[in-house]
Amino acid sequence: MSQTQKSPVGTGPICKPENSPADYTIFDIEREAKAVMEAEYGPLDFMLIVDGKIHRFHVPGDRKGSDNGWYIFYHDGVPSGGFGDWKTGVHINWCAKQKLSYYEAEAQRLKVAEAKRQREQEQAERQSKAALNARDMWGRAHPAKSDHDYLKRKAIKPYFIRQQQDILIIPLIDIERKLVNVQRIWSDGTKRFLAGGRITGCFCQFGNIGPEVKIIICEGFATAATIREATGDTVLAAMNAGNLLPVARAIRKKYPAAEIIVAGDDDRRTEGNPGRTKANESALAVNGLVTFPEFCRPDCGCSDFNDVRCCRNSGGSR
Ligand SMILES: [Zn+2]
């Protein structure tokens, strides 16, 4: 079929809309899809592969060597696809055409479902690889020494954690008590999880969980150790504010009768106070209670329970 025909009203040639999908070459898709990705992530220094398979990429600003980004683009049918990253959960779908016919929309739904399946499979593979890595690392590490710089600075005991050279290894388990990830803490306080490992809904556990026990959920390992020492209760470190809710939900689901107390950080100098906000949200969602640190002075640098204890012990010099 010819691209143009004479206009019946003499206004000029009638042709397909500019950039209409049928005219898309694989290079057009690469260019356009990449522009959409760059609008989200900034300049990307690789060629997109448009082959209906999931590919990983390095997200600018992430740690060197990590590949938390993913994308998948299709050339067949209506050019489309999606991209995002496993770290922040960003997920954006892209389609070359705004309005789809019924059949195109049907085909599109299948593609989206297939992309989802590939994405989930890829993520499951990343997670099980990280879990194997975590078990290996845990198995080779030794019990942590109480004179480790981080433990000394935080004035906490090593409890059950381990150490490999000068790196502390904090175990993260899922609700079924399987080791799924580790957090490594260096002497200078740098903290890292294993790339691709599970965090959501997983935690570091102090004490035992029984069906009718009291469970305190907080953010970091040092905070959990401090609370454990002060109360003797079961304490779970969710590792960050965003994971308080998934952990609280997992506990509520498995232990319907448990008394859940969320011991939040009070990020009083951070806009929106994420620690306080997330703790309140999480407790509310599982019919639990909250508690926050009581500060030594209105102007001290403390935001969590461990800070407060260290601050008091040092006479409020923090
Ligand atoms: Zn203080």
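Residues numbered from 1 in each chain as written. Predicted model: local features only at pLDDT ≥ 70, side-chain atom pairs only at ≥ 80, totals over all residues.

Trainee: Help me out: how do you make sense of the packing of helix H4 (residues 221-231) against helix H7 (residues 305-313) in this one?
Mentor: A pair of packed helices is captured by two measures, namely the crossing angle of their axes and the spacing between those axes. Contact geometry for H4 and H7: axes closest at 7 Å, N-to-C directions at 65 degrees. Taken as axis vectors, H4 and H7 run roughly perpendicular relative to one another. Contacts between H4 and H7 involve Ala-222, Thr-223, Thr-226 and Ile-227 from the former and Phe-305, Asn-306 and Arg-309 from the latter. Of the residues that constitute the contact of H4 with H7, the class distribution is three nonpolar, three polar and one charged. (Axes fitted to C-alpha atoms, helices over the stretch in contact; angles between N-to-C directions. Helix = DSSP H or I, 4+ residues; strand = E, 2+ residues; numbered from the N terminus. Parallel < 35°, antiparallel > 145°, perpendicular 65-115°, else oblique. Contact = placed C-beta atoms within 7 Å. Nonpolar A, V, L, I, M, F, W, Y, C, P; charged D, E, K, R; others polar.)

Trainee: How should unusual backbone geometry be read in this particular structure?
Mentor: Excluding glycine, most residues fall at negative phi; most peptide bonds, likewise, are trans. The backbone of Ala-155 shows a phi angle near 55 degrees, a positive value even though the residue is not glycine. Structurally, Ala-155 is set in the loop between helix H3 (149-154) and strand E6 (162-164). Under the C-beta neighbour-count criterion, Ala-155 is labelled partly exposed, with 15 such atoms within 10 Å. Even without being a glycine, Tyr-159 presents a positive backbone phi close to 45 degrees. As for its placement among the helices and strands, Tyr-159 is situated in the loop between H3 and E6. (Buried ≥ 20, exposed ≤ 12 C-beta atoms within 10 Å, placed from the backbone.)

Trainee: Explain the sheet that holds strand E3 (residues 80-85) to me, please; I cannot follow it from the model alone.
Mentor: Each strand in a sheet pairs with another by means of backbone hydrogen bonds, the pair being arranged parallel or else antiparallel. Taken in spatial order, the four strands line up as E1-E2-E3-E4 in an open sheet, and their pairing is antiparallel. Here the strands that pair on one side only, and so sit at the sheet edges, are strand E1 (55-57) and strand E4 (91-95). Strand-to-strand twist in this sheet, taken as the mean axis angle between neighbours without regard to direction, amounts to 20 degrees. Here strand E2 (residues 69-74) runs beside E3; their pairing, made up of six bridges, is antiparallel. Bridge pairing in E3 links Tyr-71 to Phe-83. Strands in contact with helix H2 (residues 102-140) are E2, E3 and E4; relative to E2, the strand with the most contacts, it is inclined by about 150 degrees. (Pairing = 2+ DSSP bridges.)

Trainee: Got a minute to help me understand the environment of Phe-221 in this structure?
Mentor: With respect to the element layout, Phe-221 can be found in helix H4. In sequence terms Phe-221 and Phe-46 are 175 residues apart; their C-alpha atoms lie 38 Å from each other. Leave out the neighbours within four places in its chain, and Phe-221 touches Ile-170, Gln-183, Cys-204 and Ala-237.

Trainee: Sorry if this is basic, but what is going on with the sheet that holds strand E10 (residues 204-206) here?
Mentor: With mixed pairing, five strands are arranged side by side in an open sheet as E10-E12-E11-E13-E14. Bordering the open sheet on either side are E10 and strand E14 (289-291), each of which pairs with just one other strand. Strand-to-strand twist of the sheet, defined as the mean angle between neighbouring strand axes without regard to direction, takes the value 25 degrees. Examined bridge by bridge, E10 and strand E12 (residues 234-237) share three bridges and lie antiparallel to one another. Along E12, the bridge assignment pairs Cys-204 with Ala-237. The strands that helix H5 (residues 244-254) touches are strand E11 (214-218), E12 and strand E13 (259-263); relative to E13, the one it contacts most, it runs at about 170 degrees.

Trainee: Is there a simple way to think about the pairing of E13 in this case?
Mentor: Within a regular beta strand, the side chains point alternately toward one face of the sheet and then the other, so they alternate between its two faces. The element E13 is largely enclosed, with a buried count of four among its five residues. In terms of strand pairing, E11 meets E13 through four bridges, oriented parallel. Residue pairing in the sheet places Ile-216 in a bridge with Ile-261 of E13. Looking at chain direction, E13 and E14 are connected through three bridges and run parallel. Each residue of the ladder has a partner; that of Ile-261, found in E14, is Leu-289. Each parallel crossover has a hand, and the one from E13 via helix H6 (residues 274-285) to E14 is right-handed. (Right-handed = clockwise from strand over helix to strand, strands pointing away.)

Trainee: I'm lost on the domain arrangement of the chain in this one. Help?
Mentor: It is common to give the size of an interface as the accessible area lost on bringing the parts into contact. Taken domain by domain, the chain comprises domain 1 (21-130) and domain 2 (143-313). A straight line from the C-alpha centre of domain 1 to that of domain 2 covers 35 Å. Counting residues at the interface gives six residues for domain 1 and six residues for domain 2. By residue class, the composition of the side of domain 1 that touches domain 2 is two nonpolar, two polar and two charged. (Domains from an automatic or database assignment.)

Trainee: I would appreciate a short explanation of the pairing of E3 in the present structure.
Mentor: By the criterion of burial, E3 is predominantly enclosed, with six of the six residues buried. In E3, alternate side chains face the same way, and those of Ser-80, Gly-82 and Gly-84 on one face and Gly-81, Phe-83 and Asp-85 on the other are all buried. A loop of five residues connects E2 with E3, the two strands running antiparallel in sequence, and Gly-77 in this loop sits at a positive phi of about 65 degrees. With five bridges joining them, E3 and E4 adopt antiparallel strand pairing. The residue of E4 that forms the bridge with Gly-84 is His-91. Connecting E3 to the next strand, E4, in antiparallel fashion are five residues, including Gly-89 with a positive phi near 85 degrees.

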